[in-house]
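Chain by chain, the residues run as shown.
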Amino acid sequence: MAMRQTPLTCSGHTRPVVDLAFSGITPYGYFLISACKDGKPMMRQGDTGDWIGTFLGHKGAVWGATLNTDATKAATAAADFTAKVWDAVSGDEVLTLAHKHIVKTVNFTKDSTCLLTGGNDKLLRLYDLINPEAAPQEIAGHTSAIKKALWCNNDKQILSAADDKTIRLWDRSSMEEVKQLKFDTAVSSMEYLADGEILVITYGKTIGFYNALSLDLIKTVDAPAPINSASLHPDKDFFVAGGEDFKLYKFDYGTKEELESYKGHFGPVHCVRFSPDGELYASGSEDGTLRLWQTAVGKTYGLWKCVLPEELGLENSEQLYTTPPEIKA
Amino acid sequence: MATPVSVLRLPKGPDPNSRGFDPKSPRFIALCRTSIATSASSETNAEQLPIEQHARSVLRETFLRCLLSMTNKKVQFLMHERVKVEATFGASDIDVLNFQVSDLHTPIGVQKEALIRCQDVISFTFDPV
């Protein structure tokens with residue numbers, strides 16, 4: 001029997017959600033952090049969307065947010081010219097790293113000892129979190145604001161995407177540019193999958209897949225609308241994308257076929273990411289909400305419950321909601 | 001006609017009265033036990049932990065022995081709001097929240113018996129002789 005996707009809406013933010021990131025899988029499950037223009041990034045339980053806490057301290061819109069692999073630390077990048085590191089268990093602010101302009105992106109190395117930042121001052125910065133008072137190493141080269149910066153190749157290299165329409169690969173030890181990809185239009189998002197060394201890039205209506213080590217093109221897929229963000233499933237069988245038409249699209253990675261599209265958001269989708277176990281994906285939108293979507297619609301997982309046809313007519317089905325009421329932010 | 005997938009409930013939203021990070025949650029209890037962060041939370045090597053724990057034990061023991069040797073001695077307390085008082089130290093409570101003192105000399109007279117709130121104390125000195 002065909003099941004219709006029921007997205008779970010996570011409310012709480014009061015302005016557009018511009019970035020989101022999942023942690024790895026920890027003994028306590030996995031977690032999600034969302035960056036919002038209201039300046040208050042939030043941490044949620046990854047499989048249910050339940051709110052865990054809000055990181056209070058930034059004085060401007062938060063443009064980027066990330067968790068380390070075991071979700072013990074969080075980092076945020078904000079329009080108040082700082083990046084902050086937080087204890088993701090207590091919610092306390094641990095470090096404030098002053099920058100010379102709006103910070104847009106933050107990323108931890110796998111061992112959480114180094115934080116990569118990038119922003120409107122066009123510099124990539126590497127902060128040693130063991131000696132945070134030491135001045136950061138700086139990598140110059142981009143000619144416009146940096147939108148996204150990521151560690152790759154086992155933290156030996158760095159990938160950065162900027163408004164100068166380039167994506168550059170840098171070597172961490174030499175701090176030199178190794179390779180560059182040029183585009184005709186600004187890149188809207190970038191995702192890196194360590195397993196398989198795949199880079200997912202979105203620009204215009206296109207989702208491009210590249211080898212992260214060589215920057216060779218694997219394939220491109222075009223969507224019906226301008227895309228702001230895309231994410232490849234950990235098993236590399238599907239990818240999802242969202243953008244300006246408010247919809248989420250699901251594609252088959254192998255055949256490039258559009259499989260499904262889902263309506264739900266009331267504004268453009270700014271970010272979309274698969275969970276580390278691939279069972280769901282989260283989307284953040286201009287409408288101020290995060291929504292969780294099932295990869296396998298109808299499967300029992302998190303808050304979703306598989307209900308067999310016989311059960312639907314039962315008396316004691318009050319605990320099951322077939323149509324969740326819409327909550328206004 | 002497709003049936004929408006059922007959900008058990010909706011995701012819990014933020015608590016308007018707090019910033020969250022529930023100290024009673026299993027994750028908090030397991031990972032945030034001490035009030036002063038240990039090196040464990042910043043991922044330094046595991047050999048450092050026994051050394052750190054030993055240092056904590058030494059410091060704690062020294063502090064407790066200091067309290068013992070202060071008994072019945074005159075102690076000067078430097079407290080917030082530029083308060084300097086002298087008293088004869090009696091005892092501390094188990095959580096070091098209050099000190100029981102006698103003959104507390106204050107600007108408005110001598111208090112025969114008093115409790116000093118430890119969180120107001122910046123430092124104290126005494127002559128061990």
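Residues numbered from 1 in each chain as written. Chains lettered and ligands numbered in written order. Predicted model: local features only at pLDDT ≥ 70, side-chain atom pairs only at ≥ 80, totals over all residues. Heavy atoms only, no water.

(A) Geometry of the overall build of chain A. Counting its secondary structure elements, chain A contains zero helices and 30 strands. The C-alpha atoms of chain A give a radius of gyration of 19 Å, which matches the 20 Å a tight globule of 329 residues would have. When its C-alpha atoms are laid out on the principal axes, chain A stretches across 65 × 45 × 35 Å. The buried share of chain A, taken over its 329 residues, is 59%. (Helix = DSSP H or I, 4+ residues; strand = E, 2+ residues; numbered from the N terminus. Rg over C-alpha atoms; globule rule 2.2 N^0.38 Å. Buried < 20%, exposed > 50% of the residue type's maximum accessible area, 1.4 Å probe, protein only.)

(B) Highlighting the side chain of Q157 of chain A. Residues and elements named next belong to chain A. Assignment of secondary structure puts Q157 in strand 16 (residues 157-162). Reaching out from Q157, the side chain makes a polar contact with the side chain of N153 at a distance of 3.0 Å. With residues up to four places along the chain from it excluded, the contact list for Q157 reads L150, W151, C152, L169, W170, D171, R172, V178 and L213. (Polar contact = N/O pair within 3.5 Å; in protein donor to acceptor, adjacent residues only side chain to side chain. Contact = heavy atoms within 4.5 Å.)

(C) Looking closely at the UniProt feature "repeat: WD" (unreviewed entry) in chain A. Residue and element names in this part refer to chain A. As recorded in UniProt, the sites labelled "repeat: WD" (unreviewed entry) are residues 55-96, 96-137, 139-180 and 262-294. End C-alpha to end C-alpha, residues 96-137 measures 16 Å, and it is 0% helix and 50% strand. The span residues 139-180 carries 0% helix and 57% strand; its end-to-end C-alpha distance comes to 15 Å. (UniProt positions renumbered as here; feature names shortened; annotations may be inferred.)

(D) Broad picture of the sheet that holds strand 13 (residues 124-128) of chain A. All names here are of chain A. Strand order in the open sheet formed by four strands is 11-12-13-14, with antiparallel pairing between adjacent strands. Edge positions in the sheet fall to strand 11 (103-108) and strand 14 (137-139), since each has one partner strand and no second. Going across the sheet, the axis of each strand differs from the next one's by a mean of 20°, ignoring polarity. The pairing of strand 12 (residues 114-119) with strand 13 spans five bridges and is classified as antiparallel. Its bridge partner lying in strand 13, L116 is registered against L126. (Pairing = 2+ DSSP bridges. Axes fitted to C-alpha atoms, helices over the stretch in contact; angles between N-to-C directions.)

(E) Representation of the interface of chain B and chain A. Chain B puts 28 residues into the contact, and the matching count from chain A is 52 residues. Our count for the contact surface shared by chain B and chain A stands at 15 residue pairs in polar contact (both at pLDDT 80 or more). The set of elements that each furnish at least two residues to the side of chain B that touches chain A consists of strand 1 (3-4), strand 2 (6-7) and helix 1 (26-31) of chain B. For the side of chain B that touches chain A, the element with the most residues is helix 1 of chain B, which contributes five residues. The class makeup of the residues in the side of chain B that touches chain A is 15 nonpolar, seven polar and six charged. Two elements, strand 30 (residues 304-305) of chain A and strand 2 of chain B, share two bridges in a ladder whose sense is antiparallel. By the bridge assignment for strand 2 of chain B, W304 of chain A is matched with V7 of chain B. (Nonpolar A, V, L, I, M, F, W, Y, C, P; charged D, E, K, R; others polar.)

(F) Structural view of the pattern of salt bridges. Considering all chains together, one arrives at 17 salt bridges over all chains under this definition. With a shortest N-O distance of 2.8 Å, D92 of chain A and R19 of chain B are connected by a salt bridge. Of this pair, D92 of chain A sits in the loop between strand 9 (82-87) and strand 10 (93-98) while R19 of chain B is found in the loop between strand 2 and helix 1, placing the two residues in two different chains. Owing to a relative accessible area of 37%, D92 of chain A belongs among the partly exposed residues under this scheme. Salt-bridge contacts for D164 of chain A lead to R168 of chain A; the nearest nitrogen and oxygen are separated by 3.2 Å. Each member of the pair, D164 of chain A together with R168 of chain A, is buried. Here the salt bridges share partners, and the residues they tie into one network are D121, R125 and E138 of chain A. (Salt bridge = Lys/Arg side-chain N within 4 Å of Asp/Glu carboxyl O.)

(G) Quick peek at the sheet that holds strand 9 of chain A. Residues and elements named next belong to chain A. Pairing is antiparallel across the open sheet formed by four strands, whose spatial order is 7-8-9-10. With partners counted over all chains shown, the strands left at the sheet margins are strand 7 (62-67) and strand 10, one partner each. Across this sheet, the average inter-strand angle for adjacent strands is 15°, counted without regard to direction. Strand direction decides the pairing type here: strand 8 (residues 73-78) and strand 9, joined by five bridges, are antiparallel. Residue pairing for strand 9: K73 is matched across the bridge by D87.

(H) Layout of the environment of R291 of chain A. Residues and elements named next belong to chain A. Relative to the elements of secondary structure, R291 occurs in strand 29 (residues 290-294). Through-space distance from the C-alpha of R291 to that of W86 is 24 Å; in sequence the pair is 205 residues apart. Engagement of the side chain of R291 in a polar contact is seen with the side chain of T9, the distance being 3.3 Å. Engagement of the side chain of R291 in a polar contact is seen with the side chain of H265, the distance being 3.3 Å.

(I) Seen up close, the packing of aromatic side chains. With the rule as written, the count across this model stands at 16 aromatic pairs over all chains. For the pair Y249 of chain A and F251 of chain A, a centre-to-centre distance of 6.4 Å together with 40° between the ring planes defines the contact as tilted. Taken together, a centroid distance of 6.1 Å and an interplanar angle of 40° make the contact between F77 of chain B and F99 of chain B tilted. Remark: F99 of chain B occurs in strand 5 (residues 98-106) and F77 of chain B occurs in strand 3 (residues 74-79); sequence separation between them is 22 residues. Judged on exposure class, the residue F77 of chain B and its partner F99 of chain B are both buried. An aromatic cluster of three or more residues is present, and its members are F209, F239, Y249, F251 and Y253 of chain A. (Phe/Tyr/Trp six-rings, centres within 6.5 Å; stacked < 30°, edge-to-face > 60°.)

(J) Structural context of the pairing of strand 17 (residues 166-171) of chain A. Residue and element names in this part refer to chain A. By the criterion of burial, strand 17 is predominantly enclosed, with six of the six residues buried. Going residue by residue along strand 17, you find T166, R168 and W170 tucked away on one face and I167, L169 and D171 tucked away on the opposite face as well. Here strand 16 runs beside strand 17; their pairing, made up of five bridges, is antiparallel. Counted as the bridge partner of A161 is I167 from strand 17. The antiparallel hairpin formed by strand 16 and strand 17 contains three residues in its connecting segment, where K165 sits at a positive phi of about 65°. Pairing of strand 17 with strand 18 (residues 177-182) involves five bridges; the strand directions are antiparallel. Residue pairing in the sheet places L169 in a bridge with K179 of strand 18.

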